[in-house]
Amino acid sequence: MDTERFAAFITQLRKERGLTQKELADRLNVTDKAVSKWETGKGFPDLKLLEPLARELGVSLVELMQGRRQEADTLTVAEADAAVSQAMGQSEKTTARRYLRLFRWFLTGGGALSLLWLFTTFFGQVWVELYEALFLTDYGIIGGADGPTAIITATRTLNPLETFFSLGVPLLLLTVCVVLAVKVWRLEKKLK
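Residues numbered from 1 in each chain as written. Predicted model: local features only at pLDDT ≥ 70, side-chain atom pairs only at ≥ 80, totals over all residues. Heavy atoms only, no water.

Novice: Help me understand the overall build of the protein, please; the structure alone is not making it clear to me.
Specialist: Scanning the protein from terminus to terminus reveals seven helices and two strands. Going from the N terminus to the C terminus, the protein shows its helices and strands as α-α-α-α-α-α-β-β-α. By the burial criterion, 26% of the 192 residues in the protein qualify as buried. Summing over all exposed atoms, the protein offers an accessible surface of approximately 13,200 Å²; the carbon and sulfur share of this is 63%. (Helix = DSSP H or I, 4+ residues; strand = E, 2+ residues; numbered from the N terminus. Buried < 20%, exposed > 50% of the residue type's maximum accessible area, 1.4 Å probe, protein only. Areas by Shrake-Rupley, 256 points an atom, 1.4 Å probe, with all protein chains shown as cover.)

See the structure below:
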């Protein structure tokens, strides 16, 4: 099915009937944004909406799916099958793109949370180290020939497992989310 021809046909029929996008949308119980997407070729009506859409626009279902008026009153079985399969394929693509877009947003959110986890862990650790160095460290002062000398001692050791969970896990999650989001975005573009 040619989406441009379908979109132009819907627009032409709607205008012939003297309907606005909002009025057509209200009659079909959809949003005017959905009708706009149909008319610009960015979307396709759900299969269950094709028959009510054809009825509202005053054409047969076959004419709607073919994107043109029929000269003859009958179609061959092959023509009807081709029109139905094209409509079903277009509807499946639209649904798949919708789910892919939703999954991409989910991955983007997961990446943002991982990034937030990384920043809070890293900067939180920096602030803890700074606080400990300034306020919780034992200062020893000894005297010498040239005056007092301060000696700062630190007893904290680095725990590799703690470092992995605080920095490695969010970094790994961020990487996976970004890679998958890019792959989903490319797949979404292929379906257009």
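Next comes the rest of the write-up.
Novice: Even after reading the chapter, I still don't get the nonpolar core, so can you show me in this structure?
Specialist: Ile-10, Leu-24, Trp-38, Leu-53, Leu-57, Val-59 and Leu-64 are the most contacted members of the largest nonpolar core, which totals 21 residues. Among the secondary structure elements, those contributing two or more residues to this core are α1 (3-16), α2 (21-28), α3 (32-40), α4 (47-57), α5 (61-66) and α6 (77-136). With five residues, α4 is the largest single contributor of residues to this core. In contact with Leu-57, other than residues within four places in its own chain, are Ile-10, Leu-13, Arg-14, Arg-17, Leu-24 and Leu-64. Counting five residues, the second largest nonpolar core, distinct from the first, contains Leu-107, Cys-177, Ala-181 and Val-184. (Core = buried A, V, L, I, M, F, W, Y, C linked by side-chain atoms within 4.5 Å. Contact = heavy atoms within 4.5 Å.)

Novice: In this structure, what is going on with the pattern of salt bridges? I would like to understand it.
Specialist: Under the defined criterion, the tally for this structure stands at six salt bridges. In this structure, Arg-14 engages Glu-39 in a salt bridge whose closest nitrogen and oxygen atoms are separated by 2.5 Å. Of this pair, Arg-14 sits in helix α1 while Glu-39 sits in helix α3, placing them 25 residues apart in sequence. A relative accessible area of 11% places Glu-39 in the buried class. Salt bridges here are not isolated pairs; linked through shared partners, they connect Arg-101, Arg-104 and Glu-188. (Salt bridge = Lys/Arg side-chain N within 4 Å of Asp/Glu carboxyl O.)

Novice: What is the right way to read the packing of α2 against α3 from this model?
Specialist: Between two packed helices, both the angle of their axes relative to each other and the distance between the axes serve to describe the pair. Contact geometry of α2 with α3 gives a least axis separation of 8 Å together with a crossing angle of 110°. Relative to α3, α2 is oriented roughly perpendicular. Crossing of α2 against α3: the hand is right-handed. Side by side, α2 and α3 meet where Gln-21, Lys-22, Leu-24, Ala-25 and Leu-28 of the first sit next to Asp-32, Val-35, Ser-36, Trp-38 and Glu-39 of the second. Within the contact of α2 with α3, the residues separate by chemical class into five nonpolar, two polar and three charged. (Axes fitted to C-alpha atoms, helices over the stretch in contact; angles between N-to-C directions. Parallel < 35°, antiparallel > 145°, perpendicular 65-115°, else oblique. Left-handed = near helix turned anticlockwise from the far one by under 90°. Nonpolar A, V, L, I, M, F, W, Y, C, P; charged D, E, K, R; others polar.)

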